[in-house]
Amino acid sequence: MTVTELPWALDGCSLQLIHVPSLALHALGEDNATLAMELAPNLLTPYLLGEECQGLWRYRSKQIAENPLDSAWITRIAVDARTSAPVGLAGFHGRPDARGMVEIGYRIDPAFRRQGHARTALEILLDIASRESEVHVVRATVSPDNSASRNLISQYGFNEVGEQWDEEDGLETIFEVSASPEP
């Protein structure tokens, strides 16, 4: 399997992870909401256009300008397929590194939390990683005070492997799990 720009989903699940077109991603990175909404109609909400997501858009825009092959891997819009409502973001931080590691990330709009969207997004990302032969390890970095996310990933076999300092998010605990499904 090769990661493509097609939507990611699991059979029978109501969440899809929709690729953000590169031009829309660059518009978001430049804080040009009007252009971004024209380029990605029905995918953007006040939360996704808001301050909480702005730094991520800037970072991802710069990333794909420097590494266009990362485009299919990175942050996607999480859309509830039943309602067509964008509920948050999920994706990888980029292509697998030399070790075969990919890092996951997800953010759910506060208006849509506690409805299983983060869990489903995580399951989709783990499924994609397990199907890619070059992916061996999946990483998640979580703030020590984000108990909801820590609890969620612990249910999927992630183990603590260290800590790091993130310029935007501060102290993070590093968790990893094998990308290969257990036999």
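Residues numbered from 1 in each chain as written. Predicted model: local features only at pLDDT ≥ 70, side-chain atom pairs only at ≥ 80, totals over all residues. Heavy atoms only, no water.

Among the five residues of strand β1 (residues 15-19), four are classified as buried, and the element is accordingly described as predominantly covered. Inspection of the sheet shows β1 paired to strand β2 (residues 76-80) by five bridges, in the antiparallel sense. Opposite Q16, over in β2, you have V79 as the bridge partner. (Buried < 20%, exposed > 50% of the residue type's maximum accessible area, 1.4 Å probe, protein only. Helix = DSSP H or I, 4+ residues; strand = E, 2+ residues; numbered from the N terminus. Pairing = 2+ DSSP bridges.)

A sheet is described by the order of its strands in space; here seven strands give the open sequence β1-β2-β3-β4-β5-β7-β6, paired in mixed fashion. Two strands in the sheet have a free side with no partner beyond their single neighbour: β1 and β6 (159-166). The mean inter-strand angle of the sheet, taken between neighbouring strand axes irrespective of direction, is 30°. One ladder, built from seven bridges, connects β6 with strand β7 (residues 170-178); its direction is antiparallel. Bridge pairing in β7 places Q164 opposite E172. (Axes fitted to C-alpha atoms, helices over the stretch in contact; angles between N-to-C directions.)

Turning our eyes to something else, we now look at unusual backbone geometry. For N42, which is not glycine, the phi torsion reads 70° and is therefore positive. Note that N42 resides in the loop between α2 (33-39) and α3 (46-49).

What follows is about the packing of aromatic side chains. Here the structure, examined in full by the defined rule, presents two aromatic pairs. On the numbers, 5.4 Å between centres and 65° between planes, the contact of W73 with F92 is edge-to-face. In this pair, W73 sits in the loop between α4 (51-66) and β2 while F92 sits in strand β3 (residues 85-92), placing the two residues 19 residues apart along the sequence. Assigned by exposure class, W73 and F92 land together as buried. A network of ring pairs unites the aromatic residues W8, W73 and F92 as a single cluster. Note that R76 overlies the ring of W8, its terminal NZ or CZ placed 3.6 Å from the centroid. (Phe/Tyr/Trp six-rings, centres within 6.5 Å; stacked < 30°, edge-to-face > 60°. Lys NZ or Arg CZ within 6 Å of the ring centre and 35° of its normal.)

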